[in-house]
Amino acid sequence: MLHLHDTATGRREPLELREPGTVTMYVCGLTVYDVPHVGHGRAALAFDVLRRYLEFTGLRVDHVSNVTDIDDKIIDRAAAEGRSEQEVATEYEEVWWQAVDALGVRRPTEVPHATGYVGKMVALVSELVERGAAYETDDGVYLSVDGVDGYGLLAHQSLDSLRAGARVEVGEQKRSPLDFALWKKAKPGEPTWPSPWGPGRPGWHTECVVMSLELLGDGFDLHGGGIDLAFPHHENERAQALCWGRDFARHWMHHGMVTVEAEKMSKSLGNFTTLTELLERTEGRAYRLLVLRAHYRSPIEVTPATLADAVEGLARLDALARRFDLDPSLSELDLAQAREAGVDGGALDAFVERMDDDLDTPEAVAGIFELVRGANSAADAGRTEEARGTAVSVAVLAGALGLRLVGGGPELDEHTAVMVRQRDEARAERDWARADRIREQLEAEGWGVEDTPGGTKLHRRSG
RNA sequence: GGCGGCGUGGCCGAGUGGUUUAGGCAGGGGCCUGCAAAGCCCCGUACGGCGGUUCGAUUCCGCCCGCCGCCUCCA
């Protein structure tokens, strides 16, 4: 059984499900006001790895991830560019899904948009006001944090120490600096929805609590996001659920941040690197491998050097797939199918043990690379059958982590195919000078060239 | 100031109270190869500093230094 580090308890906990066989998880998606950065990519990968592993072990996963399509930043951008909020949101959401696809991330089973749930949000805020948990001010409706049982659970801080660190804005009518907006009354020119408190729009924390409970129901299994969301975002979602009298998430999972040159990636720091840019230069699988080689809760460095490192590691896996001509469909097998197909049980068990231990992908990846060496060694020693079996387990396990291995030769255009033929002729005639000349030209055109018993084989060198 | 976390060999990055090593990348040597590529074998003896506990600590405890995240929007 999978154990995960739970942010609420600070300990590794078994993932006990509300309903055996099905995992219900809500992952905070993003606000679509700009192109995504590499940190968003890691977030998508972190939960994709979780989901794939759960599905690999035979569970069904209801994976809900929202898109926040109304927000200050979207409004600002729309105003600055003279277009509608919806145009801005639609444009960047599209960019996002392109990046998600390029990373090989399975799309969520459901993608609620905040603007589609405003009515339900208004209902929640009304209820919270009625219950006396929330109050109205000149600029909105706020939740009173003081009465909330266990507020600070996810921050691991007491109400007092949180209050001590809170920054207070001038002119606020909040009863406590920690109170947060459930509803924001509209300023001129902003998009609005009607409410008992006049036209306005929902607060961010209200969006997620409404959508998660609406789509997954009380006591859903897992709520996740980046560690920077634990407080105040998730804390405040939980606070609302509590005041609302609903059972909220059973488990909390948060992944670590991406840093660039040891600083958190962020626009304000100016070290912003877009995911789109990364995916233009490097294939998504390499970024996935980079992410997998660190634990999901550790910070990772994304730099040209760490990416290049991952590219080389990936090349080693692909070389194995070429050597054994591994079928791409192997990476789609789940655990039961793999056992049925006769994949080495020891390798599968070791993988499951590592992954069950808080998704220990670094160890799992290390294990896969050990299998790579094992397969190559066995093949070198002429133990063909053993080698093939080990190579197959590499493909299956890498696939379980979302890494599809690229084996079989690519489609060659006529020009390239002719060169390959000419090189094989030259080699057959032992005309090494000519063979080498052709090889150099192929390499200059971005091909990796390998001589095999079957003649010249090409593969794309990615970088 | 409060809370959480980190500091491992050239780089990335796991892990562990002591016996034989994570893994990858880069580098050196060798084998294979017409030469390469791919692959295999061998090589680095690392755990921020100072104390403490211990027969023994990189691993536990304390302090210090440095770094990161959160306490404000943020994956």
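Model, not experiment: these values are computed from the prediction. Position numbers for residues start from 1 in each chain and track the written sequence from start to end. Labels follow written order: the first chain is A, the first ligand is 1, and so on. Totals for whole chains, interfaces and linings use all residues, but because this is a predicted model, local features are given only for residues with pLDDT of at least 70 and pairs of side-chain atoms are given and counted only at 80 or more. Think of the side-chain values as coming from all heavy atoms in the structure, minus any hydrogens and water.

Chemist: Would you explain the pairing of strand 7 (residues 180-185) in this entry?
Modeler: Regular strands place side chains that alternate from one sheet face to the opposite one. Sheet topology note: the strand 6 (residues 140-143)/strand 7 ladder contains four bridges and is antiparallel. Bridged to G140 within strand 7 is K184. In the sheet, strand 7 pairs with strand 8 (residues 200-202) via three bridges, with the strands oriented antiparallel. Paired with K185 across the two strands is G200, which belongs to strand 8. One requirement defines pairing of two strands: DSSP has to find at least two bridges between them. Runs of E in the DSSP output that reach at least two residues are strands. Runs of H or I that reach at least four are helices, and both are numbered from the N terminus.

Chemist: So what exactly am I meant to see when it comes to the sheet that holds strand 10 (residues 251-255) here?
Modeler: Within a beta sheet, neighbouring strands are joined by backbone hydrogen bonds and run either parallel or antiparallel to one another. Taken in spatial order, the four strands of this open sheet run 4-3-9-10, and their pairing is parallel. Of all the strands in the sheet, the pair left with one neighbour each is strand 4 (60-68) and strand 10. Going across the sheet, the axis of each strand differs from the next one's by a mean of 20 degrees, ignoring polarity. One ladder, built from five bridges, connects strand 9 (residues 222-226) with strand 10; its direction is parallel. Opposite G224, over in strand 10, you have M253 as the bridge partner. Fitted lines through C-alpha atoms serve as axes, helices being fitted only where they are in contact, and the angles separating the N-to-C directions of these axes extend from 0 to 180 degrees.

Chemist: Just checking my understanding: could you explain the packing of helix 10 (residues 304-324) against helix 13 (residues 361-380) for this structure?
Modeler: For any two helices packed against each other, one specifies the inter-axial angle together with the distance between the axes. Where helix 10 contacts helix 13, the axes come no closer than 11 Å and their chain directions differ by 40 degrees. It follows from the interaxial angle that helix 10 and helix 13 lie oblique. Here helix 10 runs over helix 13; the crossing is left-handed. Contacts from G313, R316, L317, L320, R323 and F324 in helix 10 reach I368, F369, V372, R373, A375, N376, A379 and D380 in helix 13. As a working rule, the residues Ala, Val, Leu, Ile, Met, Phe, Trp, Tyr, Cys and Pro are called nonpolar, Asp, Glu, Lys and Arg charged, and the rest polar, with Gly in that last group. Per-class residue counts for the contact of helix 10 with helix 13 are eight nonpolar, two polar and four charged. Under this scheme an angle from 65 to 115 degrees is roughly perpendicular, one under 35 degrees roughly parallel, and one over 145 degrees roughly antiparallel; angles in between are oblique. The handedness criterion is simple: a crossing whose near helix is rotated anticlockwise from the far helix by less than a right angle is left-handed, and one whose near helix is rotated clockwise is right-handed. The contact rule is simple, with two residues in contact once any of their heavy atoms fall within 4.5 Å.

Chemist: It is not clear to me how empty space enclosed by the protein should be interpreted in this structure. Could you clarify?
Modeler: A probe matching the size of a water molecule, rolled over the atoms, marks out where space remains unfilled. Put plainly, a pocket is an open set of points on a 1 Å grid over the protein atoms alone with protein on both sides within 12 Å along at least five of seven lines, a cavity is a set where a 1.4 Å probe fits but cannot get out, and a lining residue has an atom within 4 Å of a point. Grid points are joined across faces, edges and corners, and a volume is the space filled by probe spheres set on the points. Within this structure, the stated rule accounts for two cavities of 30 Å³ or more. Considered as a void within the structure, the largest cavity measures approximately 60 Å³ in volume. When grouped by side-chain class, the residues that make up the lining of the largest cavity number seven nonpolar, one polar and no charged. When its volume is computed, the second largest cavity comes out at roughly 40 Å³. In terms of lining, the second largest cavity is formed by A321, L326, D327, P328, L330, S331, A395 and L405. Within the lining of the second largest cavity, the residues separate by chemical class into six nonpolar, one polar and one charged.

Chemist: Looking at this structure, I do not really get the domain arrangement of chain A. What am I missing?
Modeler: Quoted interface sizes are often the accessible area lost when the parts come together. Split into domains, chain A comes out as domain 1 (3-259), domain 2 (303-400) and domain 3 (414-460). Domains are outlined according to an automatic or database domain assignment. Here domain 2 and domain 3 have C-alpha centroids that lie 29 Å from each other.

Chemist: Explain the side chain of E235 to me, please; I cannot follow it from the model alone.
Modeler: Tracing the backbone through its elements, the reader meets E235 in helix 7 (residues 230-244). Once residues lying within four places of it in the same chain are set aside, the contact partners of E235 are G150, Y151, G152, L153, L154, A155 and A230.

Chemist: When you look at the sheet that holds strand 6 in this model, what are you seeing that I'm missing?
Modeler: Taken in spatial order, the four strands of this open sheet run 5-6-7-8, and their pairing is antiparallel. Strands with a single pairing partner mark the edges of an open sheet, and in this sheet they are strand 5 (134-136) and strand 8. Neighbour to neighbour, the strand axes of the sheet diverge by 20 degrees on average, direction disregarded. Strand contacts of helix 7: strand 6 and strand 7, with the helix running at about 85 degrees to strand 7, the strand carrying the most contacts.

Chemist: Hey, could you run me through the nonpolar core in this one?
Modeler: The set of buried Ala, Val, Leu, Ile, Met, Phe, Trp, Tyr and Cys residues whose side-chain atoms join them within 4.5 Å is what this entry labels a nonpolar core. Relative accessible area decides the class of each residue, using a 1.4 Å probe on protein chains only: under 20% of the type maximum gives buried, over 50% gives exposed, and in between gives partly exposed. L4, L50, Y287, L317, L326, F351 and L359 are the most contacted members of the largest nonpolar core, which totals 86 residues. Per-element accounting of this core gives the leading share, 10 residues, to helix 1 (residues 38-56). When residues of this core are assigned to domains, at least three fall in each of domain 1 (3-259) and domain 2 (303-400). In contact with L359, not counting residues within four places along its chain, are L2, H3, L4, L50, Y53, M253, H295, Y296 and R354. Judged by nonpolar contacts, the second largest core, of 45 residues, contains A8, Y26, V118 and A239.

Chemist: Please explain the pairing of strand 14 (residues 447-452) as it appears in this structure.
Modeler: The pairing of strand 14 with strand 15 (residues 455-460) spans six bridges and is classified as antiparallel. Pairing of V449 across the sheet is with L458, part of strand 15. Hairpin connection from strand 14 to strand 15: two residues lie between these consecutive antiparallel strands.

Chemist: Any chance you could explain unusual backbone geometry here in plain terms?
Modeler: Keep in mind that most residues, glycine aside, have a negative phi and that most peptide bonds are trans. Residues F231 and P232 are joined by a peptide bond in cis, for which omega reads 0 degrees. Among the secondary structure elements, P232 is positioned in helix 7. We note that D325 has phi near 50 degrees; this positive angle belongs to a residue other than glycine. Tracing the chain through its elements places D325 in the loop between helix 10 and helix 11 (335-340).

Chemist: What should I look at first to understand the side chain of N236 in this one?
Modeler: Considering the arrangement of structural elements, one finds N236 in helix 7. N236 sits in the buried class, given a relative accessible area of 2%. Here a polar contact means two N or O atoms within 3.5 Å. Within protein one must be a hydrogen donor candidate and the other an acceptor candidate, and residues neighboring in sequence count only if both atoms are side-chain atoms. A distance of 2.4 Å separates the side chain of N236 from the side chain of Y151, its partner in a polar contact.

Chemist: Looking at this structure, I do not really get the environment of P20. What am I missing?
Modeler: With respect to the secondary-structure elements, P20 resides in the loop between strand 2 (11-14) and strand 3 (22-31). Remark: the alpha-carbon pair of P20 and R60, spanning 40 residues in sequence, is separated by 9.5 Å.

Chemist: Help me understand helix 14 (residues 384-400), please; the structure alone is not making it clear to me.
Modeler: Count 3.6 residues to each turn of an α-helix, and residues three or four apart come out pointing the same way. The span one expects for a helix is its residue count, reduced by one, times 1.5 Å. Relative to the 24 Å expected for 17 residues at 1.5 Å per residue, helix 14 spans 24 Å between its end C-alpha atoms, a close match to the ideal helical length. In terms of burial, helix 14 is a largely internal element, 12 of the 17 residues being buried. All buried positions along helix 14 are accounted for by A387, T390, A391, V392, S393, V394, A395, V396, L397, A398, G399 and A400. As for helix 14, its buried residues are in contact with helix 1, helix 10, helix 11, helix 12 (345-356) and helix 13. Positive phi shows up at G402, right after helix 14, with a value of about 90 degrees.

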